[in-house]
Amino acid sequence: MKLFIDTADLNEIKEIASWGILDGVTTNPTLLAKSGRSLQDVINEIFVLVDGPISLEVVSEKAEEMVTEAKQILTKIPKNYHKNVAIKIPMTSEGLKAVKKLSKEEIKTNVTLIFSANQALLAAKAGATFVSPFIGRLDDNGQEGMRVIEEIMDIFCNYDINTEVIVASIRHPIHVIEAARLGADIATVPPDVLRKMLKHPLTDVGIKRFLKDWEKVTK
Ligand code: G3P
């Protein structure tokens, strides 16, 4: 399973990219606002840090405007990085129309705010490169988010659909394990959850013990 980082915080992206485990980045307007950086600032650095799909979201609501905004975003990015740009489009009928147009022009899209398998199917039919079901927000709402991932994976597998599934709105490491067990293509994971995936108390205890024993040998 590919791992994306779900943040617009450049320091976090830099640090975690240095672990050698990142396959891409997802951002959204909320994450950009939290980073305190402008879209142009983030764009200038992010493509150098990670060589993989980078999702940048439009905020327009009409299909034509979304397409124009997507193309404006592309003008801010050097041509050699265009292959890595995925335009994030919200799951609405206008969004589907925009996805259809962008996919015809071979511009990658990531349909966001997906909360059901039917929405994922429609987005895939429109030509989405990626779909992003938000499992944490479903869990918050008293529904089983991972059940939606299971349904999407079954449907996409039944019909050999190429659209990749990005499990989004991840809250904890068990979400990542469950996504991987279901065969999801990608999990986009916030930095704090990536750090929790890295750590185990027994690893720390083990290192301490090895170092202590090594001291005895070398004395
Ligand atoms: O990638 C989507 C993600 O950013 C949404 O996460 O935590 O706002 O539900 P959250």
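Please read all numbers here as calculations on a predicted model, not as lab measurements.

Reading the values: the criteria
- Residues numbered from 1 in each chain as written.
- Predicted model: local features only at pLDDT ≥ 70, side-chain atom pairs only at ≥ 80, totals over all residues.
- Heavy atoms only, no water.
- Phe/Tyr/Trp six-rings, centres within 6.5 Å; stacked < 30°, edge-to-face > 60°.
- Helix = DSSP H or I, 4+ residues; strand = E, 2+ residues; numbered from the N terminus.
- Buried < 20%, exposed > 50% of the residue type's maximum accessible area, 1.4 Å probe, protein only.
- Near = heavy atom within 4 Å.
- Polar contact = N/O pair within 3.5 Å; in protein donor to acceptor, adjacent residues only side chain to side chain.
- Areas by Shrake-Rupley, 256 points an atom, 1.4 Å probe, with all protein chains shown as cover.
- Nonpolar A, V, L, I, M, F, W, Y, C, P; charged D, E, K, R; others polar.

(A) View of the packing of aromatic side chains. As enumerated under the stated definition, the model contains 3 aromatic pairs in all. Between Phe4 and Phe130, the ring centres sit 6.3 Å apart and the planes meet at 75°, which makes this aromatic pair edge-to-face. You can see Phe4 sitting in strand β1 (residues 2-6) and its partner Phe130 sitting in strand β6 (residues 130-133), a full 126 residues away along the chain. For the pair Phe4 and Phe130, a shared accessibility class is recorded, and that class is buried. Centroid distance Phe115 to Phe134: 5.7 Å. Interplanar angle 70°. Geometry classified as edge-to-face. Highlighted residues: Phe115 in the loop between β5 (108-114) and α6 (117-126) and Phe134 in the loop between β6 and α7 (135-140), separated in sequence by 19 residues. Owing to a relative accessible area of 27%, Phe115 belongs among the partly exposed residues under this scheme.

(B) Highlighting the site of the ligand. The ligand sits among Asp6, Asn28, Lys88, Phe134, Arg137, Ala168, Ser169, Arg171 and Thr188. The side chain of Arg171 places a nitrogen or oxygen atom 2.7 Å from an oxygen atom of the ligand. When isolated, the ligand has an accessible area of 310 Å², and the protein chains bury 80% of it. Of the residues that constitute the shell around the ligand, the class distribution is 2 nonpolar, 3 polar and 4 charged.

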